Amino acid sequence: MICKTIFRVLTYLLVPVVVALLISNSVLIWLNTQRTPQCPAHQVNSEQPANHRENSAVFADLSAEEILQVRDYMSKIPGMKISFEPSSPPSADFLYMIELSLPKKEEVLHYLDGDGPKPKREATAVVFHGSMNIIKEYVVGPLPNPSYHRDVTVERYKREIPLTARPPYLGEQLLLGTFLQNVLKPVSTLLKESFGLTPSSYDVYYDNMPRGVKSGDRQTWVSLCRNEEGFFIHPVGFEVMINHQSTNFSSWHVMKVLYNGQYFNSLLELKQKYEDGTVEKIIYKPVPNYASLKPKKKPTGVGPQQYYVQGKRFSIKNNNIVYLDWNFAFGLNTLRGMRVFDVCFRGERIIYELSVQEAMSVYGSLTPNLMLTKFLDGSLGIGACAYELVRGVDCPYSATFIDTFHFKGTGVPRRLRNSICVFEHDMGQPLRRHFSEIVYNSYGGLANSALVFRTITAIGNYDYMWDFIFYQSGSVEAKVSATGYIASSFKLNNNFQFGHQVAENVTGNIHTHFLNFKVDLDVLGVKNVFQTKDMEFVNISLPWMPERHAMIPQLVEKQLQTEQEAALRNNAKTPRYLHIASNQTNRWGHQRSYRLQVFSNTGDHLPESQAEEKAMSWARYKIAITKHKDLEQSSGSLYNQHDIWNPAVDFSKYIEDNEPIENEDLVAWVTTGFLHIPHAEDIPNTVTVGNGGGVLLRPHNYFDEDPSIHSSDGVYIAPGTEESCDNNRVACLAQETCSPVLEPFTYHGFD
């Protein structure tokens, strides 16, 4: 009884003490929080206020309002009966796409440089004329109140475009799904017994591109997959070839069937032989979903985060970005993807246009779907597949995000939230540095902080991360990194001629990745030349000892004169230094130039003897230099994928006329990429590390010295100044502690 009394007394005494301690700790935490100021959202006391250029609007993507104005204008053209309903059948006249029509470069430059009128703002409208079996492109303008249109198809492509060159859209895909449901009913038992598939999962498949073997074909091999997350690596060994060339749905029919590596002329033939027991059967075996991206270990922490101690040093207004010495306009083209224009450094235009052009892959396989597959992502819409970026994963948590709008088979403008991100990034290494203890003690360096302009596109199975990076040294890097799911096929007869086994009955198929960029450099104007520099060893006699010789490297320079001479093939030895140069010189008498430094590990390009190669002929070249022409806007087209044998744009023709390129407005077309031989570590999906390529645009004698020496981020330490903040702001960083202001996490990607 005495013990119980003592326990109660202690309880009554200790509870108030514990409560008091909790309250005091909470107060201390609150007081400490109040003493720590919040980091500013924007740069304070900036030495370089953001001077945005209003004339950047000439490059701005179409707004949602402008898209609607063009759509409504096109749908009301007398006598044309153009529909914009996404479920329109192939026989209809369907308004498929609306995007900005870029004005001519000469007109834009006159406007930007202050002595010309503002170019008309116009749009391109693409119409699938099912009633006439052709596709037409119309220029519509002026915006914002369109009053005219003109057919520019022949002007742009030198011929009419057949309807079979159209990319797939919702109306056709809905019909294809209905067709599959109907034709697969007779083999429903086979599909259930062999693969565990039910009719509700017949629409889980991937299809080959191009669709056929010759111009005019629209024949698609459909490969059924298990209805699982990451179905791209769940093939089941059943493929069916469908002829859907006709705009009349009732004329569609099955041409061939593949089951467990055996070909059949019809589903009926397969059904009969399956029931007779004369076909080698697949027995359904449930497997866990090895393709799921759900973490196998519960996330318990957060990795390192980056925030802005003194606020963001870049500013975005409309489609113009200002960052330290950089100023540029930006956009996200529906077909091509990310692009920037009028890129100026320290007030001088360096780049007129830097843009993604195309992403191409060629596959090898034992099965017909991937055996024929040659993807040209630009025909499917790289920019239209730039979905919402995830804060803290796809981009740093503190990045600034931008929405984009597209009209591609949607009937209304589609808003892609947070599809671009912009952030300044500490690259984790110095841009330059040196420590000296010989004769003179000192340390000088500069942290490599750069601006990153990013989007990530998810086109079917593959995700590409596209970065344009702006460095304080005056360099710009365009790079791409690949991730996502590999395309796969059902393993047959333990044959690994075209890849490795990566999962149960799954082969990861060998394929190439070729990526193409357009680099329209304007080095001190539009009168430029293309130069190469390299080295060779020469044997010289020593001046002070003539009887002795030494092999030493010397500089080898050359100026190329024609487009064909400047088309540098992938399979040939290429000079290591490639330059777009001005005839103006720097302080030391050397031509001011920008160097194109390519990072690439591509596989072999498709042989030119193949008919499909013309649609991807840009991939022949590591770099090709052409004279600028407004009608040579892109290395590919919307139609190249589905009429790959007779492409609307054959890049090699840009070079065929072999125009002179000395003192001309030059464009560099740069190809990079990598060979992918899938392996076990591509499951569940491919990592970005080591999978990519890019091109670095570097000043070469453009300046008189490295421009980053003028950066306010520079650090200099001499003996006795180790703790001084005069030339080392980092030394005072502890005194500038602030708590980051974090935006709430949101995600709308499934809206």
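Residues numbered from 1 in each chain as written. Predicted model: local features only at pLDDT ≥ 70, side-chain atom pairs only at ≥ 80, totals over all residues. Heavy atoms only, no water.

**Overview of the overall build of the protein chain**
Logical step 1: Summing up its helical and strand segments, the protein chain has 9 helices and 34 strands in all.
Logical step 2: Relative to the globule expectation of 27 Å for 751 residues, the C-alpha radius of gyration of the protein chain, 30 Å, shows essentially globular dimensions.
Logical step 3: In terms of its C-alpha atoms, the protein chain occupies a principal-axis envelope of roughly 105 × 90 × 70 Å.
Logical step 4: Going through the 751 residues of the protein chain one by one, you find that 51% of them count as buried.
Logical step 5: In the protein chain, 68% of the contacts between residues at least 6 apart in sequence involve partners at least 24 apart.
Logical step 6: Summed over all atoms, the accessible surface of the protein chain reaches about 35,300 Å², with 54% contributed by carbon and sulfur.
Logical step 7: If the 70 positive side-chain charges of the protein chain are averaged to one point and the 80 negative ones to another, these points end up 5 Å apart. (Helix = DSSP H or I, 4+ residues; strand = E, 2+ residues; numbered from the N terminus. Rg over C-alpha atoms; globule rule 2.2 N^0.38 Å. Buried < 20%, exposed > 50% of the residue type's maximum accessible area, 1.4 Å probe, protein only. Contact = heavy atoms within 4.5 Å. Areas by Shrake-Rupley, 256 points an atom, 1.4 Å probe, with all protein chains shown as cover. Lys, Arg positive; Asp, Glu negative; His and termini not counted. Charge placed at Lys NZ, Arg CZ, Asp CG, Glu CD.)

**Brief notes about the pattern of salt bridges**
Side-chain pairing between opposite charges can occur once the charged atoms of the two side chains come close.
Logical step 1: Evaluated as defined, the whole model comprises 39 salt bridges.
Logical step 2: Salt-bridge contacts for K627 lead to E664; the nearest nitrogen and oxygen are separated by 3.9 Å. In this pair, K627 is assigned in strand β31 (residues 621–627) and E664 in the loop between α9 (652–656) and β32 (666–676), connecting sequence segments 37 residues apart.
Logical step 3: Here K627 falls in the partly exposed class, since its relative accessible area comes to 24%.
Logical step 4: Shared partners join several salt bridges into a network, and the residues in it are K627, K629, E632, D657, E659 and E664. (Salt bridge = Lys/Arg side-chain N within 4 Å of Asp/Glu carboxyl O.)

**Structural notes on the sheet that holds strand β8 (residues 235–243)**
Logical step 1: Taken together, 5 strands build an open sheet; the order of strands is β6-β7-β8-β9-β10 and the sheet is antiparallel. Bordering the open sheet on either side are β6 (205–207) and β10 (262–264), each of which pairs with just one other strand. Going from strand to strand, the sheet's axes swing by 25 degrees on average, the running direction of each strand aside.
Logical step 2: Both strand β7 (residues 219–225) and β8 contribute to a ladder of 6 bridges, which runs antiparallel. Within β8, the residue paired with V222 across the bridge is V240.
Logical step 3: In the packing of helix α5 (residues 170–183) onto the sheet, the strands contacted are β6, β7, β8 and β9 (253–259), and the crossing angle to β8 comes to about 110 degrees.
Logical step 4: Packed on one face of the sheet, helix α7 (residues 267–276) meets β8, β9 and β10 and runs near 35 degrees to β9. (Pairing = 2+ DSSP bridges. Axes fitted to C-alpha atoms, helices over the stretch in contact; angles between N-to-C directions.)

**Re the sheet that holds strand β23 (residues 499–503)**
Logical step 1: Read from one edge of the open sheet, 3 strands run β22-β24-β23, paired in antiparallel fashion. Each edge of the open sheet is held by one strand with a lone partner, namely β22 (488–490) and β23. In this sheet, neighbouring strand axes are inclined to one another by 40 degrees on average, regardless of whether the strands run parallel or antiparallel.
Logical step 2: The pairing of β23 with strand β24 (residues 506–509) spans 4 bridges and is classified as antiparallel. Considered in β24, the bridge of A503 is made with V506.

**So, the nonpolar core**
Logical step 1: Formed by 91 residues in total, the largest nonpolar core has its most connected members in F453, W466, F468, F530 and L596.
Logical step 2: Ranked by residue count, the leading element in this core is strand β20 (residues 462–470), at 7 residues.
Logical step 3: The contacts of W466, once residues within four sequence positions are left out, are M338, V356, A359, I382, F453, R454, T455, T457, K479, V480, L515 and F517.
Logical step 4: Of all hydrophobic cores here, the second largest spans 35 residues; its members include V362, A567, A619 and Y639. (Core = buried A, V, L, I, M, F, W, Y, C linked by side-chain atoms within 4.5 Å.)

**A look at the state of the cysteines**
Logical step 1: All told, the structure shown has 2 disulfides when counted by the stated rule.
Logical step 2: Residue pairing for C395: its cysteine sulfur links by disulfide to C421, the two sulfurs lying 2.1 Å apart. Around the S-S axis, the bridge from C395 to C421 shows a dihedral of about -85 degrees and counts as left-handed. Note that C395 is positioned in the loop between β16 (374–376) and β17 (400–408) and C421 in strand β18 (residues 414–436), a separation of 26 residues in sequence. One exposure class covers both C395 and C421, and it is buried.
Logical step 3: Paired through a disulfide, C725 and C732 show a sulfur-sulfur distance of 1.3 Å. Linking C725 and C732, the disulfide has an S-S dihedral of approximately 90 degrees and is accordingly described as right-handed.
Logical step 4: Residue C732 is classed as buried on the basis of its relative accessible area, which comes to 7%. (Disulfide = S-S within 2.5 Å.)

**Observations concerning the confidence of the model for the protein chain**
Logical step 1: Here the protein chain averages 92 in pLDDT, while 94% of its residues score no lower than 70.
Logical step 2: Of the regions scoring below 50 in pLDDT, residues 1–7 engages in 0 contacts with residues more than four places distant in sequence or in other chains.
Logical step 3: A low-confidence stretch, residues 26–33 stays under pLDDT 50, and its non-local contacts, those more than four residues away or across chains, total 0 contacts. (pLDDT = per-residue confidence, 0-100.)

**What to know about the pairing of β20**
Logical step 1: Among the 9 residues in β20, 8 count as buried, and that is most of the element.
Logical step 2: As paired strands, strand β19 (residues 442–459) and β20 are joined by 9 bridges and run antiparallel to one another. When the bridges of β20 are listed, R454 appears paired with D467.
Logical step 3: Where β19 hands over to β20, the hairpin turn is made up of 2 residues, of which G460 adopts a positive phi near 65 degrees.
Logical step 4: Where β20 lies against strand β21 (residues 476–484), 9 bridges are found, and the strand directions are antiparallel. Bridging from a neighbouring strand, Y462 pairs with G484 of β21.
Logical step 5: Here β20 folds back onto β21 in antiparallel fashion, the turn holding 5 residues, of which G474 has a positive phi close to 90 degrees.

**Thoughts on unusual backbone geometry**
Logical step 1: Each neighbour pair has its own omega, and for G141 with P142 the value is -15 degrees, a cis peptide bond.
Logical step 2: In the Ramachandran plot, N658 falls in the positive-phi region, its phi being about 50 degrees despite a non-glycine side chain.
Logical step 3: If you trace the backbone, N658 turns up in the loop between α9 and β32.
Logical step 4: For N663, which is not glycine, the phi dihedral falls at a positive 55 degrees.
Logical step 5: With respect to the helices and strands, N663 occurs in the loop between α9 and β32.
Logical step 6: For N663, a relative accessible area of 35% corresponds to the partly exposed category.

**Digging into the packing of aromatic side chains**
Logical step 1: Here the structure, examined in full by the defined rule, presents 35 aromatic pairs.
Logical step 2: Between F249 and W252 the ring centres are 5.1 Å apart and the planes differ by 70 degrees, which places this aromatic pair in the edge-to-face class.
Logical step 3: Owing to a relative accessible area of 28%, F249 belongs among the partly exposed residues under this scheme.
Logical step 4: Between Y702 and F703, the aromatic rings sit 4.9 Å apart at their centres with planes inclined by 75 degrees, giving edge-to-face as the arrangement. Neither residue differs from the other here; Y702 and F703 are each classed as buried.
Logical step 5: Ring-pair connections join several aromatic residues into one group, and the members of that group are W326, F328, F330, F345, F453, F470, Y594, Y702 and F703.
Logical step 6: If you follow R71 out to its NZ or CZ, it ends over the ring of F84, 4.1 Å from the centre.
Logical step 7: The residue whose ring lies beneath R592 is Y702, and the NZ or CZ to ring-centre distance is 4.4 Å. (Phe/Tyr/Trp six-rings, centres within 6.5 Å; stacked < 30°, edge-to-face > 60°. Lys NZ or Arg CZ within 6 Å of the ring centre and 35° of its normal.)

**Remarks on the side chain of T124**
Logical step 1: Note on placement: T124 falls in strand β2 (residues 122–129).
Logical step 2: Residue classification places T124 among the buried residues on the basis of a relative accessible area of 3%.
Logical step 3: A polar contact is formed between the side chain of T124 and the side chain of R156, at a distance of 3.1 Å.
Logical step 4: Those residues within four positions of T124 in sequence are excluded, and the remaining contacts are M97, I98, E99, L100, S101, E137, Y138, V139 and R156. (Polar contact = N/O pair within 3.5 Å; in protein donor to acceptor, adjacent residues only side chain to side chain.)

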